[in-house]
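# Structural overview for review
Listed below are the residues making up each chain.
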Amino acid sequence: MRRLSLKTRLLLSVSIILVFGFALTNFNNYRVSTRSVRKNIVEHALPLTRDNIYSEIQADLMRPVFISSLMANDTFLKDWAIDGEQDVEKITRYLQEIRDRYGFFSTFFVSERTGNYYHFNGILKRISAQDAHDVWYFDFKAMNKPYDLVVDTNEAAENNLTIFINHRLNDYDGKMLGVTGVGLNMEMVANMLKSYRQRYGREIYLVNPEGLIKVHNDQTLVDRVNIADQEGLKDIAQQVLAKQTDSGVFEYWRDGRHILLTTRYIPEFEWYLLVEQDETRALAAIRRNFLDNLAFDLVIILAILGITLYTVNRFQSTLEEMATTDKLTGACNRREFDRFFEMAAYLHKREGTPFSVILFDIDNFKTVNDEIGHMAGDHVLQEVVRIASGCVRQNDLVVRWGGDEFVLLIHDDLSRAYQVAERLRKQVCRRNLLAEFNGDGPVTISCGVVGYQLGESLDHLMMRVDAALYESKKRGKDQTVSLPAVTATSAPGAV
């Protein structure tokens, strides 16, 4: 199995640390945020909303209860019923005035003596125990309660669903004279709940002790749907209706959404107020923020990895350059030369591709440093390398061997290498490299050239080319000398 490079392992490690670090941080923040929101909903927001709505419902619905109570204690209504219900116009005007003054949907009085159902428009009917619409009267009479709330259809208003507040009317001796009260249009009550829903952002409805929905903004559910039959609610319906007190907060799932529910018993109506909070929707903003943070973190991770990769590559390039290049001249160093030599020797052995080596140094370089200065010497070294780089091909190599000595590795035979050395020597001589330092005379170089022989070691090759350079110096410098080849078997250090 191939081992991963150090750079790859570094980037992989940084990536893992960043991804896990950002992910764990975001997941922890998300978990803490959701717990905080849930705790706030359960312990504060939902109970507070329930109590506020309870107070508003009491204010809105207790008013008609209060008015119906006033009607049940009105001496005019009592006296009119006791006197035999003689003038129907009087009771009609009375009911009409109550309706107009307080804006009720309906006002009525049902006589126990005659059975007449008096309406603000006159006598509507005579009630009968056999009429399904009149069962409410006999049920209320049997309950022996001062008042009651009933959801029923209104025969006087095209059977619109209406909340009737029925109040017992007694004479001065406590004997029942009939039932009076007012009616609230269910649509008006539903709009009231709708306004609560828009204001508080929660589902609100009322149910009776049996769980039957009595008031809801969706009127199709009223008096038709029991919470014991609804998804999720049916599992906790008994607990919700078990106590006539604040029953805390319940939770259940409906249509894939997590619902929090709180209730409160309204003793005046003997109904339960139910307030629901869609926790899934309440946490949607946190989830969106969580996903946005993940996306933002991904951008940051990619940016960090990009910067890291760029820095590592630059650092690696710098290290590679430092490891293979001479800092002053930009020429390759001995380490790089060793690598190129081994490759060239391998190609020579495998394919017979020839290569040669040129060793040259700068004549009288010590004098330049001593008399003109080291800055002039550095300039000469740099210029010589620049000229040498222009004399060789792209696949050839320019190496600083040490001090003022340089090596050229030429991928060609000895004659071609000799031509390169001569061209280099002449170009260096023609350039006045010390002109800007007011130096006298040209700078010259001496060159030695040898061709590689099969099986020859690097040490032996450099010994031969060094001998050629020495011969060049011996002949008076500013010379190029090539030595004849030797056989591999006779070459010292041959391999």
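Since we're looking at a predicted model, the values are computed, not measured.

## Focus on the packing of helix H11 (residues 374–391) against helix H12 (residues 414–430)
- Orientation of H11 relative to H12, taken along the N-to-C sense of each, is 140°, at an axis distance of 10 Å. Taken together, the axes of H11 and H12 lie oblique to each other. Pair H11 / H12 crosses with right-handed handedness. Across the interface between the two elements, Val384, Ile387, Ala388 and Cys391 of H11 pack against Val420, Arg423, Leu424, Gln427 and Val428 of H12.
- Looking at the contact of H11 with H12 residue by residue, the class counts come to 7 nonpolar, 1 polar and 1 charged.

## So, H11
- Between its first and last C-alpha, H11 extends 26 Å over 18 residues, near the 26 Å set by a 1.5 Å rise per residue.
- What H11 keeps buried is the set Ala376, Gly377, His379, Val380, Leu381, Glu383, Val384, Val385, Ile387, Ala388 and Cys391.
- As for H11, its buried residues are in contact with strand S12 (356–362), helix H10 (365–372), strand S13 (397–402), strand S14 (405–410) and H12.

## A few points about the pairing of strand S2 (residues 116–119)
- The two faces of S2 match: Asn116 and Tyr118 on one face and Tyr117 and His119 on the other face are all buried.
- Across 3 bridges, the pairing between strand S1 (residues 106–111) and S2 is antiparallel. Looking at S2, one finds that Val110 is bridged to Tyr117.
- Summarising the sheet, S2 and strand S3 (residues 122–126) pair through 4 bridges and their orientation is antiparallel. Across the sheet, residue Tyr118 finds its bridge partner in S3, namely Ile123.
- A loop of 2 residues connects S2 with S3, the two strands running antiparallel in sequence.

## A word on the pairing of strand S15 (residues 445–451)
- For S15, the buried fraction is high: 7 of the 7 residues fall into the buried class.
- Burial along S15 is two-sided: Ile445, Cys447, Val449 and Gly451 facing one way and Ser446, Gly448 and Val450 facing the other are all buried.
- Pairing of S12 with S15, which is carried by 7 bridges, proceeds in the antiparallel orientation. Residue pairing across strands places Asp361 opposite Ser446, the latter belonging to S15.
- Since S15 and strand S16 (residues 480–482) lie parallel, the crossover through helix H13 (residues 458–474) that links them has a hand, and here it is left-handed.

## So, the nonpolar core
- Counting 44 residues, the largest nonpolar core has Ile57, Ile163 and Leu273 as its most contacted members.
- Broken down by element, the residue count for this core peaks at 9 residues, all from helix H1 (residues 6–72).
- Those residues within four positions of Ile163 in sequence are excluded, and the remaining contacts are Leu149, Val150, Val151, Val182, Gly183, Leu184, Met186, Val189, Val215 and Trp271.
- Ranked by size, the runner-up nonpolar core spans 30 residues in total, among them Ile358, Ile410, Val420 and Val449.

## Re the confidence of the model for the protein
- Here the protein averages 86 in pLDDT, while 93% of its residues score no lower than 70.
- Per-residue pLDDT stays below 50 along residues 487–495; that stretch engages in 10 contacts with residues further than four places along the chain or on separate chains.

## Some words on unusual backbone geometry
- Unlike most non-glycine residues, Glu85 shows phi in positive territory, near 55°.
- Relative to the helices and strands, Glu85 resides in the loop between helix H2 (75–82) and helix H3 (88–102).
- Taking the relative accessible area as the measure of exposure, Glu85 reaches 7% and is therefore buried.

## Considering the packing of aromatic side chains
- Applying the stated criterion to the full structure yields 16 aromatic pairs.
- Measuring from centroid to centroid gives 5.2 Å for Phe76 and Tyr94, while their planes differ by 45°, and the two rings are tilted. Highlighted residues: Phe76 in helix H2 and Tyr94 in helix H3, separated in sequence by 18 residues.
- Looking at Phe76, the relative accessible area reads 30%, which means it is partly exposed.
- On the basis of relative accessible area, Tyr94 is assigned to the buried category, the value being 10%.
- Between Phe355 and Tyr452, the aromatic rings sit 4.5 Å apart at their centres with planes inclined by 20°, giving stacked as the arrangement.

## Topic: the pattern of salt bridges
- If you walk through the whole model with that rule in mind, you get 29 salt bridges.
- The closest approach of N and O atoms between Arg101 and Glu97, which form a salt bridge, is 2.7 Å. With Arg101 and Glu97 both in helix H3, this residue pair falls 4 residues apart, about one helical turn.
- Look at Glu97 and you get partly exposed, because its relative accessible area is 45%.
- With its nearest N and O atoms 3.2 Å apart, the salt bridge here joins Arg475 to Glu471.
- What makes Glu471 partly exposed here is its relative accessible area of 23%.
- Counted as one network, the salt bridges with shared partners bring together Arg38, Glu251 and Glu279.

## Observations regarding the packing of helix H9 (residues 334–351) against H13
- Contact pair H9 / H13: the axes reach a minimum separation of 11 Å and the direction vectors enclose 105°. Regarding the angle of H9 to H13, the classification is roughly perpendicular. Along the contact surface, H9 presents Phe337, Asp338 and Phe341, while H13 presents Leu458, Leu461 and Met462.
- The residue inventory of the contact of H9 with H13, partitioned by class, reads 5 nonpolar, no polar and 1 charged.

## Describing H13
- For H13, spanning 17 residues, the distance from its first C-alpha to its last is 24 Å, which sits close to the expected 24 Å at 1.5 Å a residue.
- When H13 is considered as a whole, its buried residues turn out to be Leu458, His460, Leu461, Met462, Arg464, Val465, Ala468, Leu469 and Ser472.
- Contacts made by the buried residues of H13 are with H9, S12, S13, S14, S15 and S16.

## Comments concerning the sheet that holds S12
- Taken in spatial order, the 5 strands of this open sheet run S13-S14-S12-S15-S16, and their pairing is mixed. One side of each edge strand has no neighbouring strand; the edge strands of this open sheet are S13 and S16. If you compare each strand with its neighbour and ignore which way they point, the axes differ by 20° on average.
- Where S12 and S14 come together, 6 bridges link them in antiparallel fashion. Pairing of Val357 across the sheet is with Leu409, part of S14.
- This element, H13, spans S12, S13, S14, S15 and S16 of the sheet and lies at about 140° to S15.

Parameters at a glance
- Residues numbered from 1 in each chain as written.
- Predicted model: local features only at pLDDT ≥ 70, side-chain atom pairs only at ≥ 80, totals over all residues.
- Heavy atoms only, no water.
- Axes fitted to C-alpha atoms, helices over the stretch in contact; angles between N-to-C directions.
- Helix = DSSP H or I, 4+ residues; strand = E, 2+ residues; numbered from the N terminus.
- Parallel < 35°, antiparallel > 145°, perpendicular 65-115°, else oblique.
- Left-handed = near helix turned anticlockwise from the far one by under 90°.
- Contact = heavy atoms within 4.5 Å.
- Nonpolar A, V, L, I, M, F, W, Y, C, P; charged D, E, K, R; others polar.
- Expected span 1.5 Å × (residues − 1).
- Buried < 20%, exposed > 50% of the residue type's maximum accessible area, 1.4 Å probe, protein only.
- Pairing = 2+ DSSP bridges.
- Right-handed = clockwise from strand over helix to strand, strands pointing away.
- Core = buried A, V, L, I, M, F, W, Y, C linked by side-chain atoms within 4.5 Å.
- pLDDT = per-residue confidence, 0-100.
- Phe/Tyr/Trp six-rings, centres within 6.5 Å; stacked < 30°, edge-to-face > 60°.
- Salt bridge = Lys/Arg side-chain N within 4 Å of Asp/Glu carboxyl O.

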